[in-house]
Amino acid sequence: MNVKRILRHLFTPHWFAHRAFPRTVLKRIGEAIRISERAHGGELRFAVEAGLDLAPLLKGMTSRQRAREVFSQLGVWDTEHNSGVLIYVQLVDRRIEIVADRGISARVGQDTWDAICRRMEAAFRAGNFEGGTLGGIEEITTLLARHFPPRGRNPDELPDIPIVL
């Protein structure tokens, strides 16, 4: 159990996420997702969280485990072609995780997603939350367009609006 980590999470207020991602930035991210989804048959979700609650911290939950939990809670797995992708940002731990559904994971390895996450984290360290996120969305769009090109009817199965947890 890492006491410093627990204290950082517990003493970081919920509104901290809105400092890095104000309403205007969230709106631009949502628009980028909407435009992205026209270029491929995948579905993107973006979720940001300031800190975790005490119970998951006491269990030692990692940002990856939390991202998988959020992936499930938001129903990112529930797309017709198993083509959902979650970008999860954990601000206190300064981690970004990308979780892809099994249809995409069969074509794009985790090392590729991790590389995108590290580039986004580098932009975030420089204080460029919007640019880092939009750059990550562009990279994901390129991958999805290559592996999941749009086929005929391309319904918008998941909300494009970013979520602050």
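Residues numbered from 1 in each chain as written. Predicted model: local features only at pLDDT ≥ 70, side-chain atom pairs only at ≥ 80, totals over all residues. Heavy atoms only, no water.

### Describing the overall build of the protein
Phase 1 of the analysis: Each helix and strand in the protein was counted, giving eight helices and four strands.
Phase 2 of the analysis: Seen in sequence order, the protein has helices and strands lined up from the N terminus as α-α-α-β-α-α-β-β-α-α-α-β.
Phase 3 of the analysis: Of all 165 residues assigned to the protein, the portion counted as buried reaches 49%.
Phase 4 of the analysis: Across the protein, every contact between residues at least 6 apart in sequence was considered, and the portion connecting residues at least 24 apart equals 73%.
Phase 5 of the analysis: Surface exposure of the protein reaches about 8,500 Å², of which carbon and sulfur atoms provide 55%. (Helix = DSSP H or I, 4+ residues; strand = E, 2+ residues; numbered from the N terminus. Buried < 20%, exposed > 50% of the residue type's maximum accessible area, 1.4 Å probe, protein only. Contact = heavy atoms within 4.5 Å. Areas by Shrake-Rupley, 256 points an atom, 1.4 Å probe, with all protein chains shown as cover.)

### Here's the deal with a nonpolar patch on the surface
Phase 1 of the analysis: On the surface, a nonpolar cluster with roughly 580 Å² of combined accessible area is contributed by Val3, Leu7, Leu10, Phe11, Leu54 and Leu58.
Phase 2 of the analysis: Listing elements by their share of the nonpolar patch, those giving two or more residues are α1 (3-10) and α4 (54-58).
Phase 3 of the analysis: With three residues, α1 is the largest single contributor of residues to the nonpolar patch.
Phase 4 of the analysis: Here Phe11 is to be found in the loop between α1 and α2 (16-20). (Patch = residues over 30% accessible without salt bridge, like charges linked within 9 Å, V, L, I, M, F, W, Y side chains within 5 Å. Salt bridge = Lys/Arg side-chain N within 4 Å of Asp/Glu carboxyl O.)

### With respect to the layout of surface pockets
Phase 1 of the analysis: A volume near 390 Å³ is recorded for the largest pocket.
Phase 2 of the analysis: As for the largest pocket, its lining consists of 16 residues, of which Phe16, Leu91, Val92, Arg94 and Phe129 are closest to the centre.
Phase 3 of the analysis: Elements represented by at least two residues in the lining of the largest pocket include exactly α2, β2 (84-90), β3 (95-100) and α7 (110-125).
Phase 4 of the analysis: Split into classes, the residues belonging to the lining of the largest pocket amount to eight nonpolar, two polar and six charged. (1 Å grid on protein atoms, 1.4 Å probe; cavity = no way out; pocket = protein on both sides within 12 Å on 5 of 7 lines; lining within 4 Å. Points joined across faces, edges and corners; volume = space filled by probe spheres on them. Nonpolar A, V, L, I, M, F, W, Y, C, P; charged D, E, K, R; others polar.)

### Re the pattern of salt bridges
Phase 1 of the analysis: Under the counting rule described, the total for this entry stands at ten salt bridges.
Phase 2 of the analysis: Two residues, Glu121 and Arg118, come together in a salt bridge whose shortest N-O distance is 2.8 Å. Placement of both Glu121 and Arg118 in helix α7 is noted, with a separation of three residues, approximately one turn of the helix.
Phase 3 of the analysis: Taking the relative accessible area as the measure of exposure, Glu121 reaches 7% and is therefore buried.
Phase 4 of the analysis: When salt bridges with common partners are traced through the structure, they connect Glu49, Arg66 and Glu69 into a single cluster.

### Some remarks on the packing of α7 against helix α8 (residues 129-147)
To characterise two packed helices, one gives the angle between the axes of the helices and the distance between these axes.
Phase 1 of the analysis: α8 packs onto α7 with a crossing angle of 160° between their chain directions and a minimal axis gap of 7 Å. Our classification of the angle between α7 and α8 gives roughly antiparallel. For the crossing formed where α7 meets α8, the hand is right-handed. Every residue of α8 that contacts α7 at Thr112, Trp113, Ile116, Arg119, Met120, Ala123 and Phe124 is listed here: Phe129, Gly132, Thr133, Gly136, Glu139, Ile140 and Leu143.
Phase 2 of the analysis: When the residues that make up the contact of α7 with α8 are grouped by side-chain class, the tally is eight nonpolar, four polar and two charged. (Axes fitted to C-alpha atoms, helices over the stretch in contact; angles between N-to-C directions. Parallel < 35°, antiparallel > 145°, perpendicular 65-115°, else oblique. Left-handed = near helix turned anticlockwise from the far one by under 90°.)

### Details of the pairing of β2
Phase 1 of the analysis: Of all seven residues that make up β2, seven are buried, and the element is covered over most of its length.
Phase 2 of the analysis: Of the two faces of β2, the one lined by Gly84, Leu86, Tyr88 and Gln90 and the one lined by Val85, Ile87 and Val89 are each fully buried.
Phase 3 of the analysis: Pairing geometry for strand β1 (residues 43-49) and β2, over seven bridges, is parallel. Residue pairing across strands places Phe46 opposite Ile87, the latter belonging to β2. (Pairing = 2+ DSSP bridges.)

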